[in-house]
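Overview (structure and organization)
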Amino acid sequence: MEEKTTNKDLESQLQSLRSKAAIAKVLTYGSGAAMILCFMTGLIPVAIIFIVLALVGGYQLEKNSSKLKKLLSDDVISGVLKEALGDAVEYNPWGKINPGGMVFPFSYNCADGSDHIKAVCNGLNIELGDIELIDESETTDIETGQTEKTRNTQFKGQWLTCDFGKELAGEVYISERTKKTRRSLKSNVTMDNEQFGTRFCVRANNPQEAYYILTPHMMEYITAMADKSGGTVYLSFLRSGKMHVAVQTGRDFFELGKSNADVGALRQKFLGELRWFTDIIDTLRVEDTLYKKETNV
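A few points on the structure. Note that the structure is predicted; figures quoted are calculated from it, not measured.

1. Digging into the overall build of the protein chain
Each helix and strand in the protein chain was counted, giving 6 helices and 8 strands. Listed N to C, the secondary structure of the protein chain is α-α-β-β-β-β-β-α-β-α-α-β-β-α in terms of helices and strands. Dimensions along the principal axes, computed over C-alpha positions, put the protein chain at roughly 80 × 70 × 35 Å. Relative to its 297 residues, the protein chain shows a buried fraction of 40%. When the accessible surface of the protein chain is summed, it comes to about 16900 Å², and 51% of that surface belongs to carbon and sulfur atoms.

So, in structure tokens, the structure goes:
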């Protein structure tokens, strides 16, 4: 009875904070739009009022969103992480994972993120978190001299880094094709599995390294794994011993979203998101063809 009551209280708090954040968001964006309209029509005093309302709304949005994230972190996510990754897991809701070691069909020059996780999974050091890759540019109007910044989000999703602790058999980069990149993404390695080659772009400086790592079994596994990802998958296997997996889902990890604030359902949802990544580690860490073979001198 006590646990159910606690869950009900938690669910009530989550729903309340989400509602307050939603109202603040409407106030912020609605006031911003009204402010622009008033400036365009010369209603400067009214525009100033909407500026104040937008600032108040923005403050409340940030405040309630932070409270919601902290509540989820303390009362739901921390327990899920310990269940999936053990007691030694480190979690920072506002921390960021550093991108690197991946080949993308787009360019970016800055990154943002959250939900940074560090843990040891089956003896391997891993990092995991939300990431947003952004192409930021500046343009200056020659006549007015005003500079305008443009931020285009090229990637939003999750990123996993796993250190296998020993040298891999080569360096291979894999990118799942989308409708947008189907024609532009070109492989420099032709795979025997035609279905895999159609779906994924494979690049490697040495094609033999790709053939050694991407066995028929491995290609089948990557295809099945991508089917369950809920997004577009990118992988890289680096000779140094690290594997990177990035999934462009268009959303954040551990978000409440529009679903009912059912604590039990949330825990299962978050566990499912984590286990997609931990299953990859469990499967690939025992694949002998992934590692460089020791040579006897």
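Next, the rest of the story.
2. Comments concerning the sheet that holds strand β2 (residues 110–121)
Pairing is antiparallel in the open sheet, where 8 strands are placed in the order β1-β2-β3-β4-β8-β7-β5-β6. Every other strand in the sheet has two partners, leaving β1 (90–92) and β6 (200–203) as the edge strands with one partner each. Taken pair by pair, the neighbouring strands of this sheet meet at an average axis angle of 15 degrees, ignoring direction. As paired strands, β2 and strand β3 (residues 124–140) are joined by 10 bridges and run antiparallel to one another. Looking at the pairing, Ala119 lines up with Ile126 of β3. In this fold helix α2 (residues 44–85) packs onto β1, β2 and β3, with an angle of close to 40 degrees to the strand it touches most, β2. Where helix α6 (residues 263–284) meets the sheet, it contacts β2, β3, β4 (147–163), β7 (232–237) and β8 (242–248), and its direction lies at approximately 150 degrees from that of β8.

3. Let's talk about the pairing of β3
What sits between β2 and β3 in their antiparallel hairpin is a turn of 2 residues, with Asn122 showing a positive phi close to 55 degrees. Sheet topology note: the β3/β4 ladder contains 16 bridges and is antiparallel. The partner of Thr140 across the bridge, within β4, is Thr147. Joining the antiparallel neighbours β3 and β4 is a turn of 6 residues, in which Gly145 adopts a positive phi near 75 degrees.

4. A short note on the layout of surface pockets
In this model, the largest pocket occupies a volume close to 1000 Å³. Lining the largest pocket are 26 residues, and of these Leu61, Ser65, Leu68, Asp252 and Glu255 lie nearest its centre. Contributing elements (two or more residues each) for the lining of the largest pocket: α1 (2–40) and α2. The element that contributes the greatest number of residues to the lining of the largest pocket is α2, accounting for 8 residues. If you add up the space inside the second largest pocket, you get close to 220 Å³.

5. A short note on the pattern of salt bridges
On inspection of all chains with the given rule, the structure shows 9 salt bridges. Its salt-bridge partner being Arg239, residue Glu209 comes within 2.4 Å of it at the nearest N-O pair. Placement of the pair is Glu209 in helix α4 (residues 207–213) and Arg239 in the loop between β7 and β8, with a sequence separation of 30 residues. On the accessibility criterion, Glu209 (14% relative accessible area) is buried. On the accessibility criterion, Arg239 (31% relative accessible area) is partly exposed. What emerges from the salt-bridge pattern is a single network uniting Glu176, Arg199 and Asp227.

Calculation rules
Residues numbered from 1 in each chain as written. Predicted model: local features only at pLDDT ≥ 70, side-chain atom pairs only at ≥ 80, totals over all residues. Heavy atoms only, no water. Helix = DSSP H or I, 4+ residues; strand = E, 2+ residues; numbered from the N terminus. Buried < 20%, exposed > 50% of the residue type's maximum accessible area, 1.4 Å probe, protein only. Areas by Shrake-Rupley, 256 points an atom, 1.4 Å probe, with all protein chains shown as cover. Pairing = 2+ DSSP bridges. Axes fitted to C-alpha atoms, helices over the stretch in contact; angles between N-to-C directions. Contact = heavy atoms within 4.5 Å. 1 Å grid on protein atoms, 1.4 Å probe; cavity = no way out; pocket = protein on both sides within 12 Å on 5 of 7 lines; lining within 4 Å. Points joined across faces, edges and corners; volume = space filled by probe spheres on them. Salt bridge = Lys/Arg side-chain N within 4 Å of Asp/Glu carboxyl O.

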